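# An overview of the molecular structure
Residue-level listing of the chains:
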Amino acid sequence: MSAYPCLSIHFRNWAKKKPKGISVRLFRFPLGRVPSLLTDKLDPNISLNRRLSLRFRVRSLIELSELDKAAQISLLSVREKRYHGWDTKVMMCNDLISSMCEAKRYDDAIALFHHFFNEHHKVFFPDISTFNLIVKAFCDDNRVDEALNLYIRTTITVLPNMDTRRLLTKGLVDTGRIYDALIFLYSRNLWDSVAYSYIIRGFLDLGEHYMANHLSHELFNKTTKGRAVVDATFVDYWFKQGDDEKAMEVYTSLISRSVCASTGNTLLKILFDNGKETEAWDLFNAMLTNSLTFNRDTLGTVVNACFKLRRFKLALQTFKRPEFTRSSRCYANIIAQFCQHGMMSQAQDLFDEICSAPRYLSPDVPTFRSLINGYAKAGRVDDAVRMLQLMVDSTFLKFAVHSAH
C-alpha cells in the first residue's frame, strides 16, 4: 500500500476513536507507553518550611541542572493549596518539561506531562505550549505515530496551532515519511511556508528536484506569504551541492524583496556556513539599516560565525555595535564562546561589564558555569572557586529577594 492511502486510513481510524461529548476534566491524553520511573521515585511527602515562589524554586534548580530536584519540589503544586494560580502552575510545568526535553530526557518529560495533566487533571490543564513540548518530545524521540495520535485525539481539549502542525510535518520528514508529511498538509488544507520548506528540503535531499519545484510553485499559487523561507531552503541546498551559481541566483532574487529578521538571520547563517563572507557582511550591514530587519538573534548569529572563523576581535567589535540592545542571554553566549577558546581575559572583562550594567542585566547561571569550566580547564583553580562562590552568593541573593516579596 502506498504512503498516501496508508496515512489517510490512519487519520480516519484515529478520527473514529476520538472521544465524543466527554468532559474536558475526564479526558486523559493518550501518551502510549510511559516507561519513565521518575515520577515513581518522587517523594509525595516533601514539604518546604518557608513560603517562596514555587516556580522560582523550580527555575533556580533547573538553572543549576538539578532537574530531579526540580521535579521533586514541583509536586507541591499538586498537594498544597497555597501554591495557587493555574497559569503559574502551568508555566512551571512548561519550564520543567522543556528542560527535560533539552536534556534529551524525553521519557521523563512525557512522564511529568502524564503526572500533571492525566493523574492530576483537576488541578492542571495544559496550554498549547505544553502540548507542543510533548509533540516535539515524541518527534525528537522518533515516536511520530504517538505524536500524531496525541494530535488527532486531543483536539477536543486543546486546539493545535501552526507550530503543532509544523512540528508534526518536520517529524514525518525527518523519519523518512515525506509522502505522509505531504498528505498531512493536504488533509489539513495547510498552506504554510515553513511546513512546506521542510517537505521541499526533503525532496531536494532525495534528488527529486521536479517535486520540490512543483511544491514551491503550488504554494506560491496559494499564498505569497513566507516565500522567502522557501527560497532560503533552495539557497542552502544549492550551496551544499556546490552549485554556487544557482544558489546566488536564488539569493539575489530573494534579497531584492524585503525580508524579515528571521529570514535574514537564516540567510546570514547559510552564507557564513558556505564561505560567502563578503555577501554575509553586506547582508548584515543592510539589515542594520532598518530596525525591523534585525534582532538579538542577528547579533548571536554573526558573533557565532566570527568565532567559527576564529576572528575573535571582530566578534567582540560586532558584539559592541551600538545598533544592538544586549541582553543577559547575549552576554552569556559570547562569554561562553571566549571560555571555550580559552580566552579567559576577554570573558572576565565581559563578565565585569555585565555586573556593572543597569539592574535589568545580570549574569545568569550558564554564564557562571561557562567561567567556572573555563578557569578549571585553564588550570586556574582559585579563579574557578571564586566564580563558584559568586554564583552561590548570587543565587542566595535571588532567593532572599523573592522571599522578601
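Residues numbered from 1 in each chain as written. Predicted model: local features only at pLDDT ≥ 70, side-chain atom pairs only at ≥ 80, totals over all residues. Heavy atoms only, no water.

### Some points on the overall build of the protein
When helices and strands are tallied, the protein shows 23 helices and 0 strands. A separation threshold of at least 6 residues defines the contact pool for the protein, and within that pool the share at least 24 residues apart is 67%. (Helix = DSSP H or I, 4+ residues; strand = E, 2+ residues; numbered from the N terminus. Contact = heavy atoms within 4.5 Å.)

### Details of the confidence of the model for the protein
Segments scoring low in pLDDT should not have their predicted coordinates read at a detailed level. Here the protein shows a mean pLDDT of 84. Residues at 70 or above account for 81%. Predicted confidence in the protein is weakest over helix α1 (residues 3-17), with a mean pLDDT of 48, and strongest over helix α19 (residues 312-319), with 97. Here residues 400-405 is a poorly scored stretch, pLDDT under 50, and it has 6 contacts once near neighbours within four places are set aside; other chains count. (pLDDT = per-residue confidence, 0-100.)

### What to know about the packing of helix α9 (residues 144-153) against helix α10 (residues 162-174)
When two helices pack together, their arrangement is captured by the angle between the axes and the distance separating the axes. Between α9 and α10, the least distance of the axes is 10 Å, while the angle of their chain directions is 155 degrees. Relative to α10, the element α9 lies roughly antiparallel. Seen from above, α9 lies across α10 with left-handed handedness. The residues of α10 that touch α9, namely those facing V144, A147, L148 and Y151, are T164, R165, L168, G171 and L172. (Axes fitted to C-alpha atoms, helices over the stretch in contact; angles between N-to-C directions. Parallel < 35°, antiparallel > 145°, perpendicular 65-115°, else oblique. Left-handed = near helix turned anticlockwise from the far one by under 90°.)

### As for the nonpolar core
I97, I199 and L371 are the most contacted members of the largest nonpolar core, which totals 115 residues. At 8 residues, the largest contribution of residues to this core is made by helix α14 (residues 227-240). (Core = buried A, V, L, I, M, F, W, Y, C linked by side-chain atoms within 4.5 Å. Buried < 20%, exposed > 50% of the residue type's maximum accessible area, 1.4 Å probe, protein only.)

### A few points about the pattern of salt bridges
Taken as a whole and assessed by the stated rule, the structure comprises 26 salt bridges. For R329, the salt bridge goes to D297, with nearest N and O atoms at 3.5 Å. Residue R329 is found in helix α20 (residues 328-340), and its partner D297 is found in helix α18 (residues 296-308); the two are separated by 32 residues along the sequence. Judged by relative accessible area, R329 falls into the exposed class, the value being 55%. On the basis of relative accessibility, which here comes to 40%, the residue D297 falls in the partly exposed class. The partner of D383 in a salt bridge is R386, with the nearest N and O atoms 3.4 Å apart. One end of the pair is D383 and the other is R386, both in helix α23 (residues 381-404) and 3 residues apart, which spans about a single turn. One salt-bridge network, in which partners are shared between bridges, spans D107, D141, R143 and E146. (Salt bridge = Lys/Arg side-chain N within 4 Å of Asp/Glu carboxyl O.)

### Notes on the environment of F116
Structurally, F116 can be placed in helix α7 (residues 106-119). With relative accessibility at 0%, the residue F116 sits in the buried group. Dropping the residues within four chain positions of it, F116 is found in contact with S74, S77, V78, C93, H121 and F124.

### With respect to unusual backbone geometry
Positive phi outside glycine occurs at S65, with the angle close to 65 degrees. The residue S65 is located in the loop between α3 (54-63) and α4 (67-74) in this model. Of note, N142 is a non-glycine position whose phi angle comes to about 60 degrees, a positive value. Residue placement: N142 occurs in the loop between α8 (128-140) and α9.

### Thoughts on α4
Burial analysis of α4 places 6 of its 8 residues in the buried class, which makes it a mostly covered element. For α4, the complete set of buried residues consists of L67, A70, A71, Q72, I73 and S74.

### Description of the packing of α14 against helix α16 (residues 261-273)
Here α14 crosses α16 at 5 degrees, and the two axes come no closer than 10 Å. The orientation of α14 with respect to α16, classified from their angle, is roughly parallel. The residues of α16 that touch α14, namely those facing A228, V229, A232, V235, D236 and F239, are T263, T266, L267, I270 and L271.

### A closer look at the environment of L309
Mapped onto the fold, L309 is located in the loop between α18 and α19. Residue L309 is classed as partly exposed on the basis of its relative accessible area of 34%. Residues L309 and F272, spaced 37 residues apart in sequence, show a C-alpha to C-alpha distance of 8.9 Å.

### What to know about α7
Between its terminal C-alpha atoms α7 stretches 18 Å, which fits the 20 Å expected from 14 residues at 1.5 Å a residue. For α7, the tally of buried residues reaches 12 of 14 residues, placing the bulk of the element in the interior. Inspection of α7 places Y106, D108, A109, I110, A111, L112, F113, H114, H115, F116, F117 and N118 among the buried residues, and these make up the whole buried set. (Expected span 1.5 Å × (residues − 1).)

### Notes on the environment of I372
Along the polypeptide, I372 turns up in helix α22 (residues 365-377). I372 sits 15 residues away from M387 along the chain, and the two C-alpha atoms are 6.0 Å apart. Those residues in contact with I372, other than ones at most four positions away along the chain, are A384, M387, L388 and M391.

### With respect to the packing of aromatic side chains
For the coordinates displayed, the defined rule picks out 14 aromatic pairs. A ring pair is formed by W281 and F284, whose centres lie 5.7 Å apart and whose planes are at 80 degrees; its orientation type is edge-to-face. Within this pair, W281 and its partner F284 are both found in helix α17 (residues 277-287), separated by 3 residues, close to a single helical turn. Grouping residues by exposure puts W281 and F284 together as buried. (Phe/Tyr/Trp six-rings, centres within 6.5 Å; stacked < 30°, edge-to-face > 60°.)

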